[in-house]
Structure formats: structure tokens, C-alpha cells
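So the chains spell out like this:
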Amino acid sequence: MQKNKKNICILGGNDKLTNSFYSYCKKKFNKIIYINLSNKKVIHKLDTNIFNLKIYELRKCLDLLNKNYIDEIVLIGKISRPDLSKFKLDGVLDKYMNKLINAYTKGDGEILNLVISIFTEKGFKIVPITSLTNNFSFNKFNTDKIFNKSKYDQKDIKKALRILNDLSKYDNAQSIVLDNGFILSIEAAEGTDEMLDRVFKYKKKMKLLKNSSGIFVKLPKKNQSLKADMPVIGPKTIKLLRKSRINSIAVSKFNTLVNDLDKTLLEVEKNKINLYLI
């Protein structure tokens, strides 16, 4: 099999989706390196194309990109917002510190936009996963899957859209859980899994786990860059919905990343979770 001649860098966190995408890229592209900036190190002694850096080591990062003749960068994976007071200047990062401090006051979206602008300024092209493969997203052939239709789902989806769009101006929240118009939870800084766990604990406390109801809606923030930070779901998401007795899920059909699409759809079928692709 002839490989694509592009030289790709995966830059970001250490999670299942990132690792799956890295494994895919090793088979498809001429050159692939993986620079992990999260606190969770990637340990693979036999793979010399994996590098663990501190998030503030911009000079080292740029040196690796140039040394490996990287053409395109994929920003992927969750990285916890770092403590700026612990940053160590390296002669390159210094130039951007004031902009970084300013971006911090405006939210994660502004930080991400600054990161994209820095690498673009240095001559690298930032691309979304979806420009390289459709293996990690829904496609035109995927359709809604309805098992236990609820008369409240469409109304809850419309309400979720209004709420999430309103919250987007504060650069906050990609996910919400609604049940017949009532808000059960809105995603905060903790992430989707923890939010769904809060729903489970609330339902357990209120003895509401006997029947499935409600809908989980996860969408890109309004006006966010779709080159990075696209919403992510996977098999674990569906299992958590089942555990929390949430009846349905609604996501953007073309702007959602899916870790192991086949297995995710299998879990949807297995657990009879209504899937709305919007």
C-alpha cells in the first residue's frame, strides 16, 4: 500500500481518540509524529515518533516540527488549562505571553485561536481530522436511529440549541441534558463524562433510574474553530447514557468526532439509545 506523502503532526492530548488516530496515521502517511502536551505521558519505548513535552515548551515543539519536515498539524485531544504562573520562558514563548494572558481572560476558544495563529505564523497548516479521513466522523450514509421515540425529543433539541448558542458567547458548554424541557445538567469545565455522571447521581438520589427519559445534546460552540476542539463521542458516551437512563442523544452529523464509529453505533443499537444527527 502506497502511503500519502504528507508529513503530519498530531499535537495535543493523550486519550483514546488521539491514540486511535495516531495508529491510523502511521499506516496512511509517509511521516507522522505525535507530540503529547498533556500531563498524562505517552509511554512507548519502541516508537521514536512520540514526544512528551510541557505545554510551554514552544521552542522544542517548533524544532521537532521543522526537524521532521512537518506539513500539517492536527490539534486533537483534551488538555487541561495550564497554570500560567508555572510557565518557563524559552526565548520563543516570550513573544506570545501577553497575548496568551489576554486570551485566558476570554476563554478556551480564544486560547485555541491564538495557538492556531502561532503555528500558522510559523508556516504550518492546521487541519481538522475530517480533512484527512472520514473514519472518525459520521458520513452522509449515517441516519437517525430511533428505538423509543419520545414526543419531547424535538422540543428538547430546539431548546438545547437555544441554550448552547446563548452560552457560546461566554465560550462555555458544548453539552446539555434536558428532560421534557427541564435542564438536568450543563457541561462545565469537568467534561462530558463527569457531567453524565452527575446526571446519574442526581437520578439515583431522586429515584429516577427506573425508566429512561431525556436527551443528551452535544454540539460545537457557536463561532468556534472547527479546525480543532470539535465535540467528541464514543462507545463510552453511549454506555454512560445507558447508565444514567438517558433515552436519546443528538449531535452534529458533520461536526462531531467519533472514537471507533462502528463500535459506537453498535452500542447505540445494543442499548436502544435514540440517535439524532442534526
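Our structure's up above, just so we're on the same page.
Read on for an overview of the structure. (Residues numbered from 1 in each chain as written. Predicted model: local features only at pLDDT ≥ 70, side-chain atom pairs only at ≥ 80, totals over all residues. Heavy atoms only, no water.)

**Some words on the sheet that holds strand β12 (residues 274-277)**
Test applied: Between any two strands, pairing holds if DSSP finds at least two bridges. We count a stretch as a helix when DSSP gives it H or I for four or more residues in a row; a strand needs E for two or more, and each element gets its number in order from the N terminus. Only the contacting stretch of a helix is used when fitting its axis, a line to C-alpha atoms as for every element, and angles between N-to-C directions run 0 to 180 degrees.
The strand order β7-β6-β8-β10-β12 describes an open sheet built from five strands, whose pairing is mixed. Two strands in the sheet have a free side with no partner beyond their single neighbour: β7 (182-186) and β12. Across the sheet, the axes of successive neighbouring strands diverge by a mean angle of 20°, strand direction being ignored. Pairing of strand β10 (residues 248-251) with β12 involves four bridges; the strand directions are parallel. Directly across from Ala250, in β12, lies its bridge partner Tyr276.

**Some points on the sheet that holds strand β5 (residues 125-126)**
Rules: We call two residues contacting when some pair of their heavy atoms lies within 4.5 Å.
On the basis of which strands lie adjacent, the open sheet formed by five strands has the order β3-β2-β1-β4-β5 and parallel pairing. For this open sheet the edge positions go to β3 (50-52) and β5, each flanked by a neighbour on one side alone. Bridge analysis of strand β1 (residues 4-12) against strand β2 (residues 29-36) gives seven bridges, and the strand direction is parallel. Paired with Ile10 across the bridge in β2 is Tyr34. Along the sheet, helix α1 (residues 16-28) makes contact with β1, β2, β3 and β4 (72-76), crossing β2 at roughly 155°. Of the strands in this sheet, β1, β2, β3 and β4 are in contact with helix α2 (residues 58-67), which crosses β2 at around 170°.

**Description of the nonpolar core**
In plain terms, the rule: Nonpolar cores are built from buried Ala, Val, Leu, Ile, Met, Phe, Trp, Tyr and Cys residues. Side-chain atoms within 4.5 Å join them into one set. Think of it in three bands: with a 1.4 Å probe and only protein chains considered, a residue is buried below 20% of the maximum accessible area for its type, exposed above 50%, and partly exposed in between.
Core analysis: the largest hydrophobic core is formed by 33 residues, its most contacted members being Leu11, Ile35, Leu65, Ile73 and Phe119. Those elements that provide at least two residues to this core are β1, β2, α2, β4, α3 (97-104) and α4 (108-121). Counting residues per element, this core draws most heavily on α4, which supplies six residues. With residues near it in sequence (within four places) discarded, Phe119 still touches Leu11, Leu58, Cys61, Leu62, Leu65, Ile73, Phe124 and Ile126.

**Re a positive patch on the surface**
Convention followed: Surface patches are defined over residues having more than 30% relative accessible area and no salt bridge, joining like charges when they lie within 9 Å and nonpolar side chains (Val, Leu, Ile, Met, Phe, Trp, Tyr) when within 5 Å. For the accessible areas, the method is Shrake-Rupley and the probe is 1.4 Å, while residue cover comes only from the protein chains on display. Each reported salt bridge corresponds to a side-chain nitrogen of Lys or Arg within 4 Å of a carboxyl oxygen of Asp or Glu. The positive count covers Lys and Arg only, the negative count covers Asp and Glu only, and His and the chain ends enter neither. To locate a charge, take NZ of a lysine, CZ of an arginine, CG of an aspartate or CD of a glutamate.
A cluster of basic side chains, namely Lys16, Lys239, Lys263 and Lys270, defines a positive patch on the protein surface. Mapped onto the fold, Lys16 is located in helix α1. Owing to a relative accessible area of 65%, Lys16 belongs among the exposed residues under this scheme.

**Structural notes on the state of the cysteines**
Condition: Note that a disulfide, as used here, is simply two cysteine sulfur atoms within 2.5 Å.
Going through the model one piece at a time under the given rule, you end up with zero disulfides. Left without a disulfide partner, Cys9 is nearest to the cysteine sulfur of Cys61, which lies 6.2 Å away. Unpaired in this structure, Cys25 has its nearest cysteine sulfur neighbour in Cys9, at a distance of 10 Å.

**Regarding α3**
Note the cut-off: By arc we mean the arc of the directions from the helix axis to the C-beta atoms, nothing more.
Among the residues of α3, those classed as buried are Met97, Leu100, Ala103 and Tyr104. Each buried residue of α3 lies within a common arc of 120° when the element is viewed along its axis, so the set occupies one face. Facing away from the buried side of α3 by over 90 degrees, the exposed positions are Asn98 and Lys99. Looking at the buried side of α3, the elements it contacts are α4.

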